Amino acid sequence: MLLPQSIPCDLLSHPLLDQKQVDLQVLRLDQVHPEVSGNKFYKLQYNLQQALSQNHHQVLTFGGAYSNHIYATAAAAKEVGLASIGIIRGELLDAENPTLAFARTAGMNLLGISREHFREKTQAEFLENLRKQFGDFYLIPEGGTNALAIQGTREILTANHSSFSHILTPIGTGGTFAGIAASLLPHQHLLGISALKGEGIREEMTDLLNTSSIQSNGSLEILTQYHQGGYAKWTTELIDFIHWFWDAFGIPLDPIYTGKMAFACWDLLQKNYFPPGSCILLIHTGGLQGNRGFTQRTGIALPSL
Ligand SMILES: *Cc1c(COP(=O)(O)O)cnc(C)c1O
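What to know about the overall build of the protein
At step 1: When helices and strands are counted, the protein shows 12 helices and 10 strands.
At step 2: Since a compact globule built from 305 residues should have a radius of gyration of about 19 Å, the 19 Å found for the protein is in line with a globular shape.
At step 3: Expressed as lengths along the three principal axes of its C-alpha atoms, the size of the protein is roughly 60 × 45 × 40 Å.
At step 4: Within the protein, residue pairs in contact and separated by at least 24 positions form 73% of the contacts whose partners lie at least 6 positions apart.
At step 5: Accessible area of the protein: about 13,400 Å², with a carbon and sulfur share of 49%.
At step 6: Of the charged side chains in the protein, 20 are positive and 26 negative, and the gap between their average positions amounts to 3 Å.

Below, the structure is given as C-alpha cells:
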C-alpha cells in the first residue's frame, strides 16, 4: 500500500469565510486510496507491515456491520496478500449490506456474533477460542487504534500543513486525534469533534495520550456537543447540512464522522470561534463507503462521488 505523492487539499470559497476573514481547506484523505480510504489507510499501514514481518498469514479484527474499519481492513489485507477475518457485531449478516458484501468479495471471512458476546472481544479466553476456530492471526482491535495505528496517523500532517492555525478531526476511538496531536506544531490548535455522546471521551483521550507517551507541542480541545444524538445517530439538520456542503463545495461527507466535524466547523465559524486570520484545516477522514449502507437502512440519499 502506497500513499499518493500528494494528497489534495481543497480551498473552500464562501462569503462567510470572507466576512470572518478566515481561510478554510479540506485535506482529502478520502482520496488516498480507492478502497482503503481516509484515516484507515494510516491506521492499517504499519499494522499490516508488522503482521507480514511476523510471518502471519491472516489478520482478524472486529467491527459493526457498516464499519469503515471492516471495509478498509478487508481491502488492505487483500492488497498486501494477507487473509482476513472480520468478527461482526450482530448475529445475522444481512445479505443486502453493501459493506459486508464488499468485505466478502475482498475475501474476508465474516462471522457474526451476538452483541453480548461481542463485548467480550478483548478478553483472553474469547481470543483463545477464536484462535482455536481460525488458527493463529495478527489481531487488530475494533476501530483499529493501537500504537502502530498512531505511528501511522502521526504522518497525516506534513510540512505542507505548517501554516494552519486550527486543525479539525472527528473522534471515534481517538487514534487519529492522538497521531495528529503528536505531530502538532506549537502555534497549532487541534479540535477533536466527538462522534459519540457523553463526556467520557475526554478521559479516554487523556489516557490514550498518556499510554502513547504523547505530549503535544500544540494545544488540544475536544468538543462533545456535536454528536447529533450519539454514535451513528443523526438529525435532519445534519443531513441537510451534508447536502448543503455538497452543493456549495462539491465535497461529499458521511453522517457518522466527517459530516459532524464539518457541521461543527460551520457552527463555530458563525459563532466567531476562529479569530480573523485563522487558517483552518478539516481532516476529511473518509467513511464514504458507509453512505451506501446508510441509504439502504434509512432510504435517505446522500452525496457521493
Ligand atoms: C474510523 C473513522 C473515524 C474515527 O477515527 P478514530 O481514529 O477511531 O478516532 C473518523 N472518521 C472516519 C470517516 C472513520 O472511518
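Structural notes on the domain arrangement of the protein
At step 1: Each domain of the protein was delimited in the assignment, giving domain 1 (9-34 + 146-298) and domain 2 (39-144).
At step 2: Here domain 1 and domain 2 have C-alpha centroids that lie 25 Å from each other.
At step 3: Regarding the contact of domain 1 and domain 2, the summed buried area is about 2,000 Å², with carbon and sulfur atoms giving 53% of it.
At step 4: Viewed at the interface, domain 2 and domain 1 are joined by zero salt bridges.
At step 5: On the surface where domain 1 and domain 2 come into contact, there are 13 residue pairs in polar contact (both at pLDDT 80 or more).
At step 6: Those elements that provide at least two residues to the side of domain 1 that touches domain 2 are α7 (147-153), α8 (175-182) and α12 (289-298).
At step 7: Examining the composition of the side of domain 1 that touches domain 2, we find that six residues originate from one element, α12, more than from any other.
At step 8: Grouping the amino acids of the side of domain 1 that touches domain 2 by side-chain chemistry returns six nonpolar, 14 polar and three charged.

A closer look at the state of the cysteines
At step 1: Within this structure, the stated rule accounts for zero disulfides.
At step 2: Between C9, a cysteine without a disulfide, and C279, which holds the nearest cysteine sulfur, the sulfur-to-sulfur distance is 11 Å.
At step 3: The partly exposed category is assigned to C9, whose relative accessible area is 29%.
At step 4: Relative accessible area serves as the criterion here: at 21%, C279 is assigned to the partly exposed category.

Some words on the site of the ligand
At step 1: Around the ligand there are 15 residues in total, and K40, K43, T173, G174 and T285 lie nearest to it.
At step 2: In this structure, an oxygen atom belonging to the ligand sits 3.0 Å away from a side-chain N or O atom of N39.
At step 3: Taking T173, its side chain carries an N or O atom lying 2.5 Å from an oxygen atom of the ligand.
At step 4: Within the complex, the protein chains bury 97% of what would otherwise be the 380 Å² of accessible surface of the ligand.
At step 5: Tallying contributions element by element places helix α2 (residues 39-53) first for the shell around the ligand, with three residues.
At step 6: Composition of the shell around the ligand by domain shows at least three residues from each of domain 1 (9-34 + 146-298) and domain 2 (39-144).

Things to note about the side chain of N97
At step 1: Relative to the helices and strands, N97 resides in the loop between β4 (83-89) and α4 (98-105).
At step 2: In terms of polar contacts, N97 uses its side chain to reach the backbone amide nitrogen of T99, at 2.8 Å.
At step 3: Sequence-distant contacts of N97, defined by excluding residues within four places in its chain, comprise A65, Y66 and Q296.

What counts and how
Per-chain numbering applies: the sequence of each chain, read as written, is numbered from 1 onward. With the structure being a predicted model, the display of local features is reserved for residues of pLDDT at least 70 and the display and counting of side-chain atom pairs for 80 or more, all residues being used for whole-chain, interface and lining totals. As a convention, hydrogens and water are excluded, and side-chain values are obtained from all of the structure's heavy atoms. Secondary structure elements follow DSSP: runs of H or I of four or more residues count as helices, runs of E of two or more count as strands, with numbering from the N terminus. Put simply, the radius of gyration uses C-alpha atoms, and a globule should come to 2.2 Å times the residue count raised to 0.38. Any two residues having at least one pair of non-hydrogen atoms within 4.5 Å are treated as being in contact. Per-residue and other accessible areas were derived by the Shrake-Rupley procedure at a 1.4 Å probe size, with only the shown protein chains allowed to occlude residues. Neither His nor the chain termini are counted; the positive set is Lys and Arg, and the negative set is Asp and Glu. Charge positions come from single atoms, namely NZ of Lys, CZ of Arg, CG of Asp or CD of Glu. For the domains described, the bounds stem from an automatic or database domain assignment. Accessible surface is computed with a 1.4 Å probe, and the buried area is the amount of it that two parts give up when combined, taken over both parts together. The salt bridge criterion pairs a side-chain nitrogen of Lys or Arg with a carboxyl oxygen of Asp or Glu, the two atoms within 4 Å. Any pair of N or O atoms that falls within 3.5 Å is considered a polar contact. Within protein, one atom must be able to donate a hydrogen and the other to accept it, and sequence-neighbouring residues count only if both atoms are side-chain atoms. For this scheme, ten residues count as nonpolar: Ala, Val, Leu, Ile, Met, Phe, Trp, Tyr, Cys and Pro. Four count as charged, namely Asp, Glu, Lys and Arg, and the remainder, Gly too, count as polar. Cysteine sulfur atoms that come within 2.5 Å of each other are treated as a disulfide pair. Each residue's exposure class comes from its accessible area (1.4 Å probe, protein chains only) as a fraction of the maximum for that residue type: buried when under 20%, exposed when over 50%, partly exposed otherwise. Near, as used in this document, describes a residue that has one of its heavy atoms within 4 Å of the molecule or strand being considered.

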